[in-house]
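In case you want the letters, here they are:
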Amino acid sequence: MGIMINGPINYVSGKYKMMNVSHTPVSSKAKKVTTHVLTEMKMKGEKISMLTAYDYSMARLIDQAGVDVILVGDSASNVMAGHETTLPITLDQMIYHASSVIRAVSNALVVVDLPFGTYQGNSKEALNSSIRIMKESGGHAVKMEGGVEIEESVRRIVGAGIPVMGHLGLMPQSIYQYGTYVVRAKEEAEAEKLLSDARILQEAGCFALVLEKIPAELATRVAKEVEIPVIGIGAGGGVDGQVLVLHDMLGITQEFSPRFLRRYHTLAEEIMGAVGKYIKDVKTKDFPNSKEQY
Ligand code: KIV
């Protein structure tokens, strides 16, 4: 039996009304997800689910479906704005996306990416950017890419009471340094640096870590060696949780098809089909009919 929840506002019979939305949650969690809940989940061996969201409507749906963590990723730069990389998105734009997500969420932990150029300069800049995100969007934590290079910033941000999630492996903000989006840390030197960076981030106070596109064996080793939850994307099943970009897993984006992506729907086809029907109905004067007018 699904639960009834107050849904979005709908325009009905000349008045705005709250819609009732029937929904069967995957896991009925009354509890808000905090960083401590994620640590407990790792200790109990319960896998963590994380998805991106950048707007109110999608965030509301995935929170109601019971996702543990919502990432307001700088992938908004690609998915929402159509840029080729994550580099152009600004702090103001991230705050806009994050505040829309926050208004929708009741249970999930909301983590917001610090965009490129707003934390690499020095730890004071990193702290100021994090404070803006927390104050102006209401987000619950920030995420940043890098290892030992950002250690001082992580310490300073955590010292100010702001939870930080780390991000190692393929770090899309460094794409022009890599030159390509291939699997990272296949060579021993890079794998050793990644392991050392993971330990440093844990020591510096990160509450969790994202590992992107690295060999599954290495990711499993990191998850075993650190106590903080490790959430993977293209990092295999031996980690403590998984994250995917929502628009990729729903099949809204079509061009992007890495091996690690499982598509749970083909929404692009559904959306284009529905819009095609609407266009036809308008052109053939089938819409609106006599019941759909005043
Ligand atoms: O921005 C993003 O969506 C991310 C995920 C790929 C982890 O950082």
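Check the entry above for the structure.
Section: the packing of helix α6 (residues 151-159) against helix α8 (residues 188-204)
Next up, step 1: At a minimum axis distance of 9 Å, the contact between α6 and α8 shows a crossing angle of 25°. The angle between α6 and α8 falls in the class roughly parallel. Crossing of α6 against α8: the hand is right-handed. Along the contact surface, α6 presents Glu151, Val154, Arg155 and Val158, while α8 presents Ile200, Leu201, Glu203 and Ala204.
Next up, step 2: Here the contact of α6 with α8 is composed, by residue class, of 5 nonpolar, no polar and 3 charged.

Things to note about the pairing of strand β4 (residues 69-72)
Next up, step 1: Of the two faces of β4, the one holding Val69 and Leu71 and the one holding Ile70 and Val72 are both buried throughout.
Next up, step 2: With 3 bridges joining them, strand β3 (residues 48-52) and β4 adopt parallel strand pairing. Across the sheet, the residue bridging to Met50 is Val69, located in β4.
Next up, step 3: For the segment spanning β3, helix α2 (residues 56-64) and β4, crossover handedness is right-handed.

Looking at the site of the ligand
Next up, step 1: Near the ligand, the surroundings consist of Thr52, Leu71, Gly73, Asp74, Ser75, Asp113, Lys143, His167, Glu212, Ile233 and Val245.
Next up, step 2: The separation between an oxygen atom of the ligand and a polar side-chain atom of Ser75 is 2.5 Å.
Next up, step 3: Surface burial for the ligand is 95%, taken as the share of its 260 Å² of free accessible area covered by protein chains.

A look at the environment of Leu211
Next up, step 1: Assignment of secondary structure puts Leu211 in strand β8 (residues 208-212).
Next up, step 2: Under the relative-accessibility criterion, Leu211 is labelled buried at 0%.
Next up, step 3: When the C-alpha positions of Leu211 and Gly232 are compared, they lie 4.9 Å apart, and in sequence the two are 21 residues distant.
Next up, step 4: Sequence-distant contacts of Leu211, that is, excluding residues within four places in its chain, are made with Leu168, Leu194, Ala219, Val222, Val230, Ile231, Gly232, Ile233 and Ala235.

Let's talk about the nonpolar core
Next up, step 1: If you look at the biggest cluster of nonpolar residues, it comprises 60 residues, and the most contacted ones within it are Ile157, Leu209, Leu211 and Val222.
Next up, step 2: No other element matches helix α4 (residues 91-104), which puts 7 residues into this core.
Next up, step 3: Those residues in contact with Val222 that lie beyond four places of it in its chain are Leu194, Leu195, Ala198, Leu209, Leu211 and Val230.
Next up, step 4: Core analysis: the second largest hydrophobic core is formed by 18 residues, Met50, Val69, Leu71 and Ile231 among them.

Some details on α2
Next up, step 1: All of the buried residues along α2 are Ala59, Arg60, Ile62 and Asp63.
Next up, step 2: Its side-chain oxygen placed 3.1 Å from the backbone nitrogen of Ser57, Asp55 serves as the N-cap of α2.
Next up, step 3: Following α2 by one or two positions, Gly66 has its phi on the positive side, about 100°.

Quick look at the packing of α8 against helix α9 (residues 216-225)
In helix packing, the relevant descriptors are the interaxial angle and the interaxial distance, both defined with respect to the helix axes.
Next up, step 1: Axis separation between α8 and α9 bottoms out at 10 Å; the angle between their running directions is 25°. As summarised for this structure, α8 and α9 are arranged roughly parallel, according to the angle between their axes. For the pair α8 and α9, the crossing hand works out as right-handed. Across from Ala191, Glu192, Leu194, Leu195, Ala198 and Arg199 in α8, the residues of α9 making contact are Leu218, Arg221, Val222 and Glu225.
Next up, step 2: In terms of residue class, the contact of α8 with α9 is made up of 6 nonpolar, no polar and 4 charged.

Considering the pairing of strand β5 (residues 109-113)
Next up, step 1: Where burial is concerned, most of β5 is hidden: 5 out of the 5 residues are buried.
Next up, step 2: Pairing between β5 and strand β6 (residues 141-145): 3 bridges, direction parallel. For Asp113, the partnering residue across the bridge sits in β6 and is Lys143.
Next up, step 3: Traced from β5 through helix α5 (residues 123-137) to β6, the parallel crossover comes out right-handed.

Focus on α8
Next up, step 1: The end-to-end C-alpha distance of α8 is 24 Å, a good match for the 24 Å that 17 residues give at a rise of 1.5 Å each.
Next up, step 2: Taken together, the buried positions of α8 are occupied by Ala191, Leu194, Leu195, Asp197, Ala198, Leu201 and Ala204.
Next up, step 3: The secondary structure elements touched by the buried residues of α8 are α6, β7 (164-169), β8 and α9.
Next up, step 4: Phi turns positive, to about 115°, at Gly205, one or two residues after α8.

So, how was this worked out
- Residue indices follow the written sequence of each chain, beginning from 1 at its first position.
- Side-chain atom pairs in this predicted model are given and counted only at pLDDT of 80 or more, local residue features only at pLDDT of at least 70, and totals for whole chains, interfaces and linings cover all residues.
- Based on all heavy atoms of the structure, the side-chain values leave hydrogens and waters out of the count.
- Every axis in this analysis is a line fitted to C-alpha atoms, fitted for helices over the stretch in contact. Angles between the N-to-C directions lie between 0 and 180 degrees.
- Only DSSP runs of H or I reaching four residues or more are called helices, and only runs of E reaching two or more are called strands; each is numbered from the N terminus.
- Should an angle fall under 35 degrees it is taken as roughly parallel, and over 145 as roughly antiparallel, whereas 65 to 115 is taken as roughly perpendicular and any remaining angle as oblique.
- A clockwise turn of the near helix away from the far one marks a right-handed crossing, whereas an anticlockwise turn of less than a right angle marks a left-handed crossing.
- In this description, contact between two residues means that some pair of their heavy atoms is separated by no more than 4.5 Å.
- Charged means Asp, Glu, Lys or Arg here, nonpolar means Ala, Val, Leu, Ile, Met, Phe, Trp, Tyr, Cys or Pro, and polar covers whatever is left, Gly included.
- Between buried and exposed lies partly exposed: a residue is buried under 20% and exposed over 50% of the maximum accessible area for its type, with that area taken using a 1.4 Å probe on protein chains only.
- Strands are labelled as partners when DSSP assigns at least two bridges between them.
- When the strands point away from the viewer, a crossover counts as right-handed if the path from the first strand over the helix to the second runs clockwise.
- One heavy atom within 4 Å of a molecule or strand is enough for the residue carrying it to be called near that molecule or strand.
- Counted as a polar contact is a pair of N or O atoms within 3.5 Å, where, for protein atoms, one must be capable of donating a hydrogen and the other of accepting one, and residues adjacent in sequence contribute only when both atoms are in side chains.
- To measure how exposed things are, a 1.4 Å probe is used in the Shrake-Rupley method; for residues, cover is taken only from the protein chains shown.
- Note on terminology: a nonpolar core comprises buried Ala, Val, Leu, Ile, Met, Phe, Trp, Tyr and Cys residues joined through side-chain atoms within 4.5 Å.
- For a helix, the expected span equals 1.5 Å multiplied by the number of residues minus one.

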